[in-house]
Amino acid sequence: MSEVGVKEKKHKKGLFDLFSRIKHTTNEEKKEKKEKKEKEKKEKEEAKEKKKGHGRNESQNLKTPPIAANPKVAGYATGSMVNLLKNMPDWRDQTRKVVVEGNFETFPIAGDLPRLLKHLSIVRKTNENEISCLFPEDGNKTDGKVKIVVDVQGNKVTTGDCLKVIQCITKIFDEKHCERVEKEWNAVMDNSEDLSVQKTFLMRVLKSVYVDEGSNEVSPVITFLKAINQKIIASSTMKLKAVCGNLFIKDAQPMVWEIAVILDGDKTIISHYRRQETTSKNSEEYFRFLWELRLVFNKEMTQLQELKMGINDIEFNPNTISSVRERVESTLESLKFEDCVVSDLEDSSSEEE
């Protein structure tokens, strides 16, 4: 690997390691150990199956494989997926269009902001291993990692709580409007109530403060709100499902959807993390994976410079059979990040502890 490649990989690792609640392991020795362990497990399973089938009729031992047994059916599914991927609009173009051209008034901002309070982190990198937590204000920083602590009463997230997000990103990207947004917000909003029932007032405030009717310029605050909204992941989600094909998946339970914002020198990085899992209820077919949509802007959030999507880790049950493991890894190969880690769930949990 070239020196440039090594530097890029180290940078990626440092970026991922900022968040303790999302596992990102890139240690090569650990990866080799996992692969060796999986190889040994596969050999044991094959020996066990061979021994189990000794003296029996082969047809009696035949289990229904996860992959379609009928080659015509499998071939049809593969061909259909190839055509779907070929005819599907490029997810990068579609995502960029949402950010650059999307009318923010059509975004469900009032519905998303309350949810984001528990799943949004905004940090600034001060050096290679240190960060400063900007949101939430009482986020704890320990050894370069952030533990999210949200200060809300009970389970109710109020409009006043949502104002904190707006104030934070305004201070970062559009500081001249800090006083104005607070004044206009408090003039029309009931901060003790739910934001979702005050959508009309929210849009009125955002348009008044951040949209200049006489200019084509868009406030970085509006761009930010669009980039963290649920509409931004629609095209990448379709791409993921198309690649998965007949690898049937659903949102993992408990649901994982985290948004990490990192102010890193001359870049602002916004990453959406989601976890998917198999729809199968058979423990021998279980798998799950964490994938990421990453948007890289310039420091001022005025230009979208890069878009990436990929899989960070794939996890199996310890007893997941080898044919399922092979099929999952093969299907997801094109989306795996360079440092994607494949492991068993029991190993992952022990590492996180």
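Relevant structure appears above.
Because the structure is predicted, anything quoted here is derived from the model rather than measured.

(A) View of unusual backbone geometry. A cis amide bond links phenylalanine 135 with the next residue in sequence, proline 136, at an omega value of -5°. Proline 254 follows glutamine 253 through a cis peptide bond whose omega is 0°. Note on placement: proline 254 falls in the loop between strand 5 (249-251) and strand 6 (257-264). Backbone geometry at methionine 301 places phi at a positive 65°, although glycine is not the residue there. Turning to its location among the elements, methionine 301 is positioned in the loop between strand 8 (287-298) and strand 9 (304-316).

(B) Structural view of the layout of surface pockets. For the second largest pocket, the calculated volume is near 460 Å³. Of all the secondary-structure elements, those providing two or more residues to the lining of the second largest pocket are helix 5 (91-101), helix 9 (199-210) and helix 10 (220-227). Of the residues contributing to the lining of the second largest pocket, the split by class is 10 nonpolar, 7 polar and 7 charged. When residues are assigned to domains, the lining of the second largest pocket turns out to be shared by domain 1 (106-227) and domain 2 (231-352), each giving three or more.

(C) Geometry of the environment of valine 256. Mapped onto the secondary structure, valine 256 falls in the loop between strand 5 and strand 6. Sequence-wise, valine 256 and arginine 274 are 18 residues apart; in three dimensions their C-alpha atoms are separated by 5.4 Å. Those residues in contact with valine 256 that lie beyond four places of it in its chain are Tyr273, Arg274, Arg275 and Leu290.

(D) Looking closely at the pairing of strand 2 (residues 131-135). When strand 1 (residues 120-125) meets strand 2, the two strands line up antiparallel, connected through 4 bridges. Looking across to strand 2, one finds that lysine 125 is bridged to isoleucine 131. What sits between the antiparallel neighbours strand 1 and strand 2 is a turn of 5 residues.

(E) Structural context of the pairing of strand 10 (residues 336-344). Most of strand 10 is tucked away: 7 of the 9 residues are buried. Where strand 9 meets strand 10, 5 bridges bridge the pair, whose relative direction is parallel. From the neighbouring strand, phenylalanine 316 faces strand 10, where its bridge partner is aspartate 344. Of the crossover connections in this fold, the one passing from strand 9 over helix 12 (residues 322-332) to the parallel strand 10 is right-handed.

(F) Up close: the environment of lysine 308. Here lysine 308 lies in strand 9. For lysine 308 and glutamate 292, which are 16 residues apart along the polypeptide, the C-alpha to C-alpha distance reads 8.0 Å. Polar contacts involving the side chain of lysine 308 include one to the side chain of glutamate 306, which spans 3.5 Å.

(G) Representation of the packing of helix 7 (residues 159-173) against helix 8 (residues 178-188). Look at helix 7 against helix 8: their axes get within 10 Å of each other, and the N-to-C directions meet at 160°. With respect to their mutual orientation, helix 7 and helix 8 come out roughly antiparallel. In the packing of helix 7 onto helix 8, the handedness of the crossing is right-handed. Residues Thr159, Cys162, Leu163, Ile166, Gln167, Thr170 and Lys171 of helix 7 form the contact with helix 8, whose participating residues are Cys178, Val181, Glu182, Trp185 and Asn186. Classifying every residue of the contact of helix 7 with helix 8 by side-chain character gives 6 nonpolar, 4 polar and 2 charged.

The rules we used
- Position numbers for residues count from 1 along each chain, tracking the sequence in the order it is written.
- Local features are withheld for residues below a pLDDT of 70 in this predicted model, meaning they are given only at 70 or higher, and side-chain atom pairs are given and counted only at 80 or more; totals for whole chains, interfaces and linings count all residues.
- As a rule here, side-chain values come from all non-hydrogen atoms in the structure, and water together with hydrogens is ignored.
- Strands are runs of DSSP state E lasting at least two residues, helices are runs of H or I lasting at least four, and both sets are numbered from the N terminus onward.
- The method works on a 1 Å grid over the protein atoms by themselves. A cavity is a set of points holding a 1.4 Å probe that cannot get out, a pocket is an open set with protein on both sides within 12 Å along at least five of seven lines, and residues with an atom within 4 Å of a point line them.
- Grid points are joined across faces, edges and corners, and a volume is the space filled by probe spheres set on the points.
- Residue type decides the class: Asp, Glu, Lys and Arg count as charged, Ala, Val, Leu, Ile, Met, Phe, Trp, Tyr, Cys and Pro as nonpolar, and the leftover types, Gly among them, as polar.
- Delimitation of the domains relies on an automatic or database domain assignment.
- Should any heavy atoms of two residues lie within 4.5 Å, those residues are counted as being in contact.
- The pairing criterion is simple: DSSP has to find at least two bridges between the two strands.
- The cut-offs for exposure are 20% and 50% of the maximum accessible area for each residue type, with area from a 1.4 Å probe on protein chains only; residues under the lower value are buried, those over the upper are exposed, and the others partly exposed.
- Consider the strands pointing away from the viewer: the crossover is right-handed when the path from the first strand over the helix to the second runs clockwise.
- Contacts described as polar in this section are N or O atom pairs within 3.5 Å, which, within protein, must combine one atom able to donate a hydrogen with one able to accept it, while residues neighboring in sequence count only if both atoms come from side chains.
- Here the axes come from fitting lines to C-alpha atoms, over the contacting stretch only for helices, and the angles between their N-to-C directions go from 0 to 180 degrees.
- The scheme is simple: roughly parallel for angles under 35 degrees, roughly antiparallel for over 145, roughly perpendicular for 65 to 115, oblique for anything else.
- Crossings are assigned a handedness: left-handed for a near helix turned anticlockwise from the far helix by less than a right angle, right-handed for a clockwise turn.

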